[in-house]
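Here is how the chains run, residue by residue.
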Amino acid sequence: MNRTVRGQATARGTTSATSYLLLLPSLLGIGCFLLAPIAVVLWLSVHSWNLLGPIEFTGLANWRSVLSDRQFGHSLLVTLTLTALVVPVQTVLGFAIAALLARRGHGGAVLRVMYALPWMCAPVAVGVVWQWIFAPSGGAISALLGRPVEWLSSPTLALPCVAAVIVWMNVGYVALFFVAGIRAIPREILDAGALDGATGWRRTRWLILPLLRPTTFFVLVTGVLTVFQTFDAVYALTKGGPGHATDVVGMRLYSEAFQAAHPGRAAVMAVVMFAIMFAITLAQHRYFRNRTSYEY
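What you see is a predicted model, and the numbers here were worked out from it, not measured in a lab.

S.K.: Any chance you could break down the packing of helix α4 (residues 109-120) against helix α7 (residues 158-184) for me, citing the residues and the numbers?
M.R.: The contact between α4 and α7 brings their axes to 6 Å, and the two run at 135°. Our classification of the angle between α4 and α7 gives oblique. For the crossing formed where α4 meets α7, the hand is left-handed. Contact with α4, carried on its side by R112, Y115, A116, P118 and W119, involves W168, M169, N170, G172, Y173, L176 and R183 of α7 and no other residues of that element. Per-class residue counts for the contact of α4 with α7 are eight nonpolar, two polar and two charged.

S.K.: I'd like to hear about helix α3 (residues 70-101), residue by residue, with values.
M.R.: Over its 32 residues, α3 extends 46 Å from the first C-alpha to the last, a length consistent with the 46 Å expected when each residue adds 1.5 Å. A side-chain oxygen of the first residue of α3 lies 3.0 Å from the backbone nitrogen of Q71; this N-cap is D69.

S.K.: Go over the packing of aromatic side chains with me, naming the residues and quoting the values.
M.R.: Counted according to the given criterion, the structure contains 14 aromatic pairs. Look at F95 and F178: their rings are 5.7 Å apart centre to centre, the planes differ by 85°, and that puts the pair in the edge-to-face class. With F95 in helix α3 and F178 in helix α7, this pair connects stretches of sequence that are 83 residues apart. Judged by its relative accessible area of 2%, F178 falls in the buried class. With a centroid separation of 5.6 Å and an interplanar angle of 55°, the aromatic rings of F217 and F288 are classed as tilted. Here F217, found in helix α10 (residues 213-228), pairs with F288, found in helix α13 (residues 263-289); they are 71 residues apart in sequence, far enough to count as distant. Residue F288 is classed as buried on the basis of its relative accessible area of 11%. In this structure, R205 is placed above the aromatic ring of W206, and the distance from its NZ or CZ to the ring centre is 4.3 Å.

S.K.: If you had to explain the pattern of salt bridges to someone new, which residues and values would you point to?
M.R.: Summed over the entire model, instances satisfying the criterion amount to three salt bridges. Between R252 and D247 there is a salt bridge, with its nearest N and O atoms 2.7 Å apart. Of the two residues, R252 and D247, neither departs from the other in class, the shared state being buried. Here E256 makes a salt bridge to R265, at a shortest N to O gap of 3.0 Å. Each of D69, E256 and R265 takes part in a single network of salt bridges with overlapping partners.

S.K.: Quick rundown of the environment of S255? Include the residues and the values.
M.R.: With respect to the element layout, S255 can be found in helix α12 (residues 249-259). When its relative accessible area of 14% is taken as the criterion, S255 is described as buried. Sequence-wise, S255 and I280 are 25 residues apart; in three dimensions their C-alpha atoms are separated by 25 Å.

Rules and cut-offs
Within every chain, residues take consecutive numbers counted from 1 along the sequence as written. A pLDDT threshold of at least 70 governs which residues receive local features in this predicted model, and a stricter bar of 80 or more applies before side-chain atom pairs are shown or counted, although totals over entire chains, interfaces and linings include all residues. Side-chain measures here rest on the full set of heavy atoms in the structure, leaving out hydrogens and waters. Angles here are taken between N-to-C directions and fall from 0 to 180 degrees, while the axes themselves are lines fitted to C-alpha atoms, restricted in helices to the stretch in contact. The numbering of helices and of strands both runs from the N terminus, where a helix is a DSSP run of H or I of at least 4 residues and a strand a run of E of at least 2. For this classification, under 35 degrees means roughly parallel, over 145 means roughly antiparallel, 65 to 115 means roughly perpendicular, and everything else is oblique. Crossing handedness follows the turn of the near helix against the far one: under a right angle anticlockwise gives a left-handed crossing, and clockwise gives a right-handed one. Here, residues are in contact when the closest pair of their heavy atoms is within 4.5 Å. Residue polarity follows a fixed list, in which Ala, Val, Leu, Ile, Met, Phe, Trp, Tyr, Cys and Pro are nonpolar, Asp, Glu, Lys and Arg are charged, and the others, Gly among them, are polar. Expected span of a helix: the number of residues minus one, times 1.5 Å. We call two N or O atoms a polar contact when they sit within 3.5 Å, provided that within protein one can donate a hydrogen and the other can accept it, with sequence-adjacent residues counted only if both atoms are side-chain atoms. Side-chain rings of Phe, Tyr and Trp (the six-membered ring for Trp) are treated as a pair once their centres are within 6.5 Å; stacked means planes under 30 degrees apart, edge-to-face means over 60, and tilted covers the remaining angles. Throughout this description, buried means an accessible area under 20% of the type-specific maximum (1.4 Å probe, protein chains only), exposed means over 50%, and partly exposed covers the range between. We call a charge positioned above a ring when the Lys NZ or Arg CZ atom is no farther than 6 Å from the ring centre and deviates by at most 35 degrees from the ring normal. We count a salt bridge whenever a side-chain nitrogen from Lys or Arg sits within 4 Å of a carboxyl oxygen from Asp or Glu.

What follows is the structure, encoded as C-alpha cells:
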C-alpha cells in the first residue's frame, strides 16, 4: 500500500516537473517581453533621465507634471475622439462586408485576402500613400473634385481624414472575424428562424447579431486598443499637426521620450494610457458579460 502511494506521489511529482519544464519557454517570454518592460516603465516614471546623463530619483514629480499638463490632456481628448470616430464605423462596415463575404459565392479566398491586405501593410507605407491621395496639389481626391482641398492641413479635416485611413486599414481585419463568427453559427438555428419568419433584416437583428456578441466584444476591445496605440499612421500623415489637431497620445509619448528627452514623463503617460485602456476594456466586459452566450 505504501509503495503504491509513494509511486503515485513520485509520478505526480514527475508530471508536475515535466509540465513546468514545458512551460518554461513561455514563462521566460512573458517575463522578458511583458513583465520586465512594465517594471521598467514603472521605474522610469519615478526617475528623471535625459538619455545621456545620470538617472535621478524624483518621486512623484513626473506624475504631478504630466497630470497637470494641458497638452497631455489635449492628446487624451484627441485620442478618445479618434476612437469614437474609428471603432463604430469600422465595426459596422466590417459586419456589412462580412455579411456579403459569408454568402455562398461571395466569400472566396481572393476577396478575403484583398480586404485584409491594407491591415497587413506597414502603417508608415500606408500613410505615405494616403498623404499623396490627400495632397491638395496633384492628389487623387483633389483631382477628382477639380479643386484643391487642404485635407491634412486643416485643423477641422485632419482628424477625420486620419480616422478614415485607420478605418480603411482595419476594416478587412474586422470583417474576417465577423465572417468566422457568422460561419460558426449552426445552420439549424438559421433554418429554424426562417421557419418562424426570421428572414432578411429580422434574421440579422434577432438571430445573427445576438449570436455574434462574443465576436463583437473581441472586435470592439481590439479596436479600442489598436486606436489608442496608433502612432505610425499619424506620424506618416500629419506628425500630430496641424496645430496639435491630430496629436494623439502615441505622438505625445514619442515627442516626450525622444524629442524632448524626458523618458520619465513618457513613462507616466504610458501608465495613464494603460489605465484608461484597462478601464474601457473592463467596462466593455461588464456590458457584454450578461449579454453573451459562448455556446450555440
